[in-house]
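What follows is the residue order along each chain.
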Amino acid sequence: MPNPLPNLIRAAALPITVAALAPQVHAQDPVSDHPDYMEAAFSTKRVLDWGTRPDWSPDGAKIAFTEAESRNTPAHEFDPATGKVRCLTCHLGGQKDVTRIYYLYDGSFLILAPRRPAADGKPVRGQELYWMSAGLGPLLPIGAKGFGEIAITRTPDTDGAVRIAWGDAANNNSLLTTAKLSWAEGKPVLSEERVLYDARSPDKPEGMTVAEAYGFMEEGRYVTFYTIFEKGDVLDDEMVKVDVETGAITPLYTSPAHTETHLFPDERYGLEESNRASDPVGKWRGLSSHPARFMSFMATRTGLDLPSPEELEDYAPHGANVGFDRPFDLYMVRIDGSQEPRRLTTMGDTAATARQSVISPDGLHIAYAVDPRESPKIAGQGGLYIGTFGAAD
């Protein structure tokens, strides 16, 4: 396949014309009306020289995002048609900093943010889910603590509610919970709340530990999520799915690499963030894109005698990469395993990373963040990118 790296390097001159990248609302069937993801031309453009954790609006016309992964920041909105950016949470003053932001079908937002101070003003640890109106009102708590990605059905139920799912890693446990979220009369209401996975349950799959929600599939029948298994003295991550009705957990697909995957609208293909290239054979490649300190966290969860961050400093040298926090690249995968993965980016070859990816509603575009890290080849090339399938290279 053509190497996308030259396109990324040529994108340095900003501002660039982005009107051509603005996704159009298509009257199409997402199951069949898309290019052959494994063969179609794929082109990329840097649209902002900052930003991460993007999320597409339901009509594919805007992208919400934050400023950083490692700290809470204001959330913003980018318009690919005009190149303009507006702040979505700056009106909140001292509460403007959030962790993640997602669009809901009517243009309102679901937001993961630090828990607000108690009534006496004392800080409260952890993160909580909030709803914000399309008109950018205050953050209103929905009554759920969470962490990581949040799964949301993109179309409402007949009563106007959406289904959401989220992980919670508090109290040295891991829970995956689902519920209905409605916002009648401008007030969020959570109902039908149910735990789908409890790491302390004796009925859980053998060796399964943490759970981070990723998405819904088959019209809400399943929630896909990221987890890590104990496999003897080794930890290995996998993408799995849980049946919302029965609670049965089965693999989404399997890979020895560290993989985090969102599904395309037709649900046969996935957009995978993976260290397949940056750690192809290492013992811990199933989770080596986490920071080394993550192993200390997992040691407390599993009781395993895991390597310390210091012991992992020289782990599995490969090309420009060594140790943990291995770079991700983006791949197209067939969920049924019928085709070899297609590599879309080559950041990992330079020690830079491509991650925080999200798929447009029509399945024709992706948005993702590039972090150059210490890579001299990608220096100055960080920020938000849009990739397009079926466009000329």
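Residues numbered from 1 in each chain as written. Predicted model: local features only at pLDDT ≥ 70, side-chain atom pairs only at ≥ 80, totals over all residues. Heavy atoms only, no water.

### Focus on the confidence of the model for the chain
Taken over all residues, the pLDDT of the chain has a mean of 91, while the share at 70 or more is 91%. Low confidence marks residues 1–28, where pLDDT is under 50. Its contacts with residues over four positions away, or in another chain, come to 55 contacts. (pLDDT = per-residue confidence, 0-100. Contact = heavy atoms within 4.5 Å.)

### Re the state of the cysteines
All chains considered together, the criterion is met by 1 disulfide. With a sulfur-sulfur separation of 2.1 Å, Cys87 is cross-linked through a disulfide to Cys90. Measuring handedness by torsion sign, the sulfur bridge of Cys87 and Cys90 sits at about 85° and is right-handed. (Disulfide = S-S within 2.5 Å.)

### Remarks on the side chain of Lys241
Inspection of the secondary structure assignment puts Lys241 in strand β16 (residues 234–243). Despite being buried, Lys241 has no salt bridge partner; Glu218 is the closest side chain of opposite charge, sitting 4.7 Å away. Apart from the residues within four sequence positions on either side, Lys241 is in contact with Met217, Tyr222, Val223, Thr224, Phe225, Ala248, Ile249, Thr250, Pro251 and Leu252. (Helix = DSSP H or I, 4+ residues; strand = E, 2+ residues; numbered from the N terminus. Buried < 20%, exposed > 50% of the residue type's maximum accessible area, 1.4 Å probe, protein only. Lys, Arg positive; Asp, Glu negative; His and termini not counted. Salt bridge = Lys/Arg side-chain N within 4 Å of Asp/Glu carboxyl O.)

### Thoughts on the packing of aromatic side chains
Enumeration according to the criterion identifies 13 aromatic pairs in this entry. Where Phe264 meets Phe389, the ring centres are 6.0 Å apart and the plane angle is 75°; that geometry is what we call edge-to-face. One end of the pair, Phe264, is in the loop between β18 (259–263) and β19 (269–274); the other, Phe389, is in strand β24 (residues 383–389), and 125 residues separate them in sequence. When its relative accessible area of 1% is taken as the criterion, Phe264 is described as buried. In this structure Phe389 comes out as buried when scored by relative accessible area, which is 5%. Above the plane of the ring of Tyr331 lies Arg276, whose end atom (NZ or CZ) is 5.8 Å from the centre. We note Arg334 situated over the ring of Tyr269; from NZ or CZ to the ring centre the distance is 4.9 Å. (Phe/Tyr/Trp six-rings, centres within 6.5 Å; stacked < 30°, edge-to-face > 60°. Lys NZ or Arg CZ within 6 Å of the ring centre and 35° of its normal.)

### Considerations on the pattern of salt bridges
According to the stated counting rule, one finds 18 salt bridges in the structure shown. One salt bridge in this structure joins Arg268 and Asp266, with 3.1 Å as the shortest N-O distance. Between Asp329 and Arg343 there is a salt bridge, with its nearest N and O atoms 2.7 Å apart. Of this pair, Asp329 sits in strand β20 (residues 329–334) while Arg343 sits in strand β21 (residues 342–343); the two residues are 14 residues apart in sequence, bridging distant segments of the chain. Classification of Asp329 by relative accessible area gives buried; the value is 1%. Among the charged side chains, a salt-bridge network with shared partners connects Asp157, Asp159, Arg163, Lys180 and Glu192.

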